Amino acid sequence: MKILVINSGSSSLKFQVIDSKTEKVLAKGVCERIGIDGVFSYKTHKGISIKESVPMQNHKQAVNTILDTLADGEKGVIHDFAEIDVIGHRLVHGGEKFTGSVVITDEVIQAMTECNDLAPLHNPANLVGVDACRELMPDTLMVGVFDTAFNQTMEPKAFLYGLPYQYYEKYKIRRYGFHGISHKYVSLRAAEFMGQNPNRVKTIVCHLGNGASICAVKYGKVIDNSMGFTPLEGLVMGTRCGDVDPGALEFLAKKENLDFQQVMTILNQESGVLGISKNFSSDFRELKDAEIKYNEMAALAREIFAYKVAKYVGSYAAAMNGVDNIVFTAGVGENDSDIRDEICEYLEFLGITIDEVKNREQAEAVKISDWSSKVNVLVIKTNEELEIAREAAAVAAQMGVSEKA
Ligand code: ADP
């Protein structure tokens, strides 16, 4: 089956075409600056690579550009739009309504729209992408894959805040957890790589990118996730603050005479390793380079990040009463061997020992713990698009949709 995977943001739209049988990426790219001017980047498995200005006033024009290029006689990878069997959409917030991937219907769109105020930045932008695809390909099956769905197995003891229960009942204020598509893919890939039954292992996935979260997966089910009601909770991230005492925020607002929106902007965009490093950078590579040149604030930012990751891993090992696999993934987790070393030093009490040669290896999946380690420590490249394609193919199979070409 040919699956078009769409990840629609407010001004960008990423896409991949994946053959679900071979899991090969036939083409991928991104439409950027939608509604501003429009930049289209595109690559195929045959080696074609394009980056050009293409006017895109809206998402419909962006999807049109993608479809035209995919079916182009010279640049394309399909002969006709109709060859696309399913479109898998990445959807950020499904609230409590969606515990798995679903066929996108009018009812699903209505239910998602009701979740918009839970994710006002992401959900409306996702839905604009869905609308554009539905308009242009009305007969193609659309599947929604939610970033929150995998985390929906969390129990009340993990997802409830210590707030009056009525606010959960009235407004569904609770912890949802994010990065679910990545956590699912990586936890399953870890078990596959280790030759384990995923329903028999306890895995902690450290998705460490610009946005970062840790997820405890016990016997195939999420039992905790460091992100909460929004992706702001948990680790110190690129620009997000992670856990902060709300009392400090009231104090800050009074001292600086800020309203709630201004405080939220600080927490989302001016904090994390960027804020700690005195605005030096939110980019972990730049921080590492600066640390080597004795930039104390850059070093402190990285130190705080590693410490916080280790604290979450330790607490999740306790929450699961043990851990078999600890997996690093995403930009920092996959590439920064120094930060992995630093984190794993805190975890020696779990019987973890790292093979320094393996820790510096670059591969799609590698075990970096040594033979004597009591816990497997792995580095696995995340692949959210492949997970979306797999989910979309599975839903299509359930619906009895068969391959067209
Ligand atoms: P997101 O998807 O949340 O935007 P990514 O998973 O792409 O984030 O991760 C981006 C982060 O990964 C950046 O801070 C970047 O500096 C970091 N990163 C990428 N490559 C390396 C590397 N070789 N060493 C250290 N950090 C890296």
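Because the structure is predicted, anything quoted here is derived from the model rather than measured.

1. Comments concerning the layout of surface pockets
Taken as a whole, the second largest pocket spans an internal volume of roughly 250 Å³. What lines the second largest pocket is G95, E96, K97, E114, C115, D117, L118, Y171, K172, I173, Y176 and F229. Split into classes, the residues belonging to the lining of the second largest pocket amount to 6 nonpolar, 1 polar and 5 charged.

2. Some details on helix α3 (residues 123-136)
When the terminal C-alpha atoms of α3 are compared, their 20 Å separation across 14 residues agrees well with the 20 Å that a helix rising 1.5 Å per residue should span. For α3, every residue scored as buried is listed here: N123, A125, N126, L127, G129, V130, A132 and C133. Residues of α3 that are buried sit in contact with β1 (2-8), β2 (13-19), α1 (59-70), β6 (86-91), α2 (106-114) and β8 (141-146).

3. Topic: the site of the ligand
Close to the ligand lie 13 residues; N210, G211, D283, F284 and G331 are nearest. The separation between an oxygen atom of the ligand and a polar main-chain atom of N210 is 3.0 Å. Here an oxygen atom of the ligand and a backbone polar atom of R285 are 3.2 Å apart. Here the ligand has 590 Å² of accessible area as a free molecule, and 67% of this is covered by the chains. When residues of the shell around the ligand are traced back to their parent elements, those giving at least two are α10 (284-292) and α12 (330-335). Per-element tally for the shell around the ligand: the top contributor is α12, with 4 residues. Looking at the shell around the ligand residue by residue, the class counts come to 3 nonpolar, 6 polar and 4 charged.

4. What to know about the pattern of salt bridges
Tallied over the entire structure, the rule returns 26 salt bridges. Where K184 meets E391, a salt bridge forms, and the shortest distance between an N and an O atom there is 2.6 Å. Here K184 is found in helix α6 (residues 180-194), whereas its partner E391 is found in helix α15 (residues 384-398), with 207 residues between them in sequence. As a salt-bridge pair, D336 and K288 come within 3.5 Å of each other at their nearest N and O atoms. Of this pair, D336 sits in the loop between α12 and α13 (337-346) while K288 sits in helix α10, and the two are 48 residues apart along the sequence. Both residues of the pair, D336 and K288, count as buried.

5. Quick look at the environment of N279
With respect to the secondary-structure elements, N279 resides in the loop between α9 (272-276) and α10. Separated by 19 residues in sequence, N279 and A298 place their C-alpha atoms 9.5 Å apart.

6. Structural notes on a nonpolar patch on the surface
A contiguous nonpolar surface patch, about 310 Å² in accessible area, is contributed by L163, Y167 and Y171. Counting through the fold element by element, Y171 comes out in helix α5 (residues 165-171).

7. Concerning the sheet that holds strand β7 (residues 102-103)
Spatially, β5-β4-β3-β2-β1-β6-β8-β7 is the arrangement adopted by the 8 strands of the open sheet, whose pairing is mixed. Both edges of this open sheet fall to β5 (49-53) and β7, since each of them pairs with a single strand only. Relative to β2, α1 is tilted by about 30°, and along the sheet it contacts β1, β2, β3 (24-32), β4 (39-44) and β5.

8. A closer look at unusual backbone geometry
In this structure, E23 takes a positive phi of about 60° despite not being glycine. Along the chain, E23 falls in the loop between β2 and β3. The phi torsion at Y219 lies on the positive side, around 50°, for a residue other than glycine. When you line up the elements, Y219 lands in the loop between β10 (212-218) and β11 (221-225).

9. Focus on the sheet that holds strand β14 (residues 376-380)
If you trace the 6 strands from one edge of the open sheet to the other, you get β11-β10-β9-β12-β14-β13, paired in mixed fashion. Of all the strands in the sheet, just β11 and β13 (365-367) have a single pairing partner and so form its edges. This sheet shows a mean twist of 20° between the axes of neighbouring strands, independent of strand direction. Pairing of β13 with β14 involves 3 bridges; the strand directions are antiparallel. By the bridge assignment, K367 is partnered in β14 with L378. Where α13 meets the sheet, its contacts fall on β9 (202-208), β12 (325-329) and β14, and the angle it forms with β12 comes to roughly 155°.

10. Examining the packing of α6 against α15
What describes two packed helices is the angle between their axes and the distance between those same axes. Packing of α6 against α15 leaves a shortest axis separation of 9 Å and a crossing angle of 85°. In terms of their interaxial angle, α6 and α15 are classed as roughly perpendicular. Every residue of α15 that contacts α6 at I181, S182, K184 and Y185 is listed here: E384, L386, E387, I388, R390 and E391.

11. Let's talk about the nonpolar core
Core analysis: the biggest nonpolar cluster contains 43 residues, and I204, L208 and I326 have the highest contact counts within it. Counting only elements with at least two residues in this core, the list comes to β9, β10, α10, α11 (296-319), β12, α13 and β14. At 10 residues, α11 tops the list of elements feeding residues into this core. Apart from residues lying up to four places away in sequence, I326 is in contact with I204, C206, V313, L347, L350, I352, V375, N376, V377 and L378. Of all hydrophobic cores here, the second largest spans 38 residues; its members include M56, V77, L91 and F98.

12. Description of the environment of L188
Among the secondary structure elements, L188 is positioned in helix α6. In sequence terms L188 and G351 are 163 residues apart; their C-alpha atoms lie 23 Å from each other.

13. Considerations on the packing of aromatic side chains
Any pair of aromatic rings gets described here by the distance separating the centres and the angle formed by the planes. A complete count under the given rule lists 11 aromatic pairs for this structure. A network of ring pairs unites the aromatic residues F15, F40 and Y42 as a single cluster. Note that K172 overlies the ring of Y168, its terminal NZ or CZ placed 4.7 Å from the centroid. A cation over a ring is seen here: R174 above Y176, with NZ or CZ 4.7 Å from the ring centre.

What counts and what doesn't
- Residues numbered from 1 in each chain as written.
- Predicted model: local features only at pLDDT ≥ 70, side-chain atom pairs only at ≥ 80, totals over all residues.
- Heavy atoms only, no water.
- 1 Å grid on protein atoms, 1.4 Å probe; cavity = no way out; pocket = protein on both sides within 12 Å on 5 of 7 lines; lining within 4 Å.
- Points joined across faces, edges and corners; volume = space filled by probe spheres on them.
- Nonpolar A, V, L, I, M, F, W, Y, C, P; charged D, E, K, R; others polar.
- Helix = DSSP H or I, 4+ residues; strand = E, 2+ residues; numbered from the N terminus.
- Expected span 1.5 Å × (residues − 1).
- Buried < 20%, exposed > 50% of the residue type's maximum accessible area, 1.4 Å probe, protein only.
- Contact = heavy atoms within 4.5 Å.
- Near = heavy atom within 4 Å.
- Polar contact = N/O pair within 3.5 Å; in protein donor to acceptor, adjacent residues only side chain to side chain.
- Areas by Shrake-Rupley, 256 points an atom, 1.4 Å probe, with all protein chains shown as cover.
- Salt bridge = Lys/Arg side-chain N within 4 Å of Asp/Glu carboxyl O.
- Patch = residues over 30% accessible without salt bridge, like charges linked within 9 Å, V, L, I, M, F, W, Y side chains within 5 Å.
- Pairing = 2+ DSSP bridges.
- Axes fitted to C-alpha atoms, helices over the stretch in contact; angles between N-to-C directions.
- Parallel < 35°, antiparallel > 145°, perpendicular 65-115°, else oblique.
- Core = buried A, V, L, I, M, F, W, Y, C linked by side-chain atoms within 4.5 Å.
- Phe/Tyr/Trp six-rings, centres within 6.5 Å; stacked < 30°, edge-to-face > 60°.
- Lys NZ or Arg CZ within 6 Å of the ring centre and 35° of its normal.

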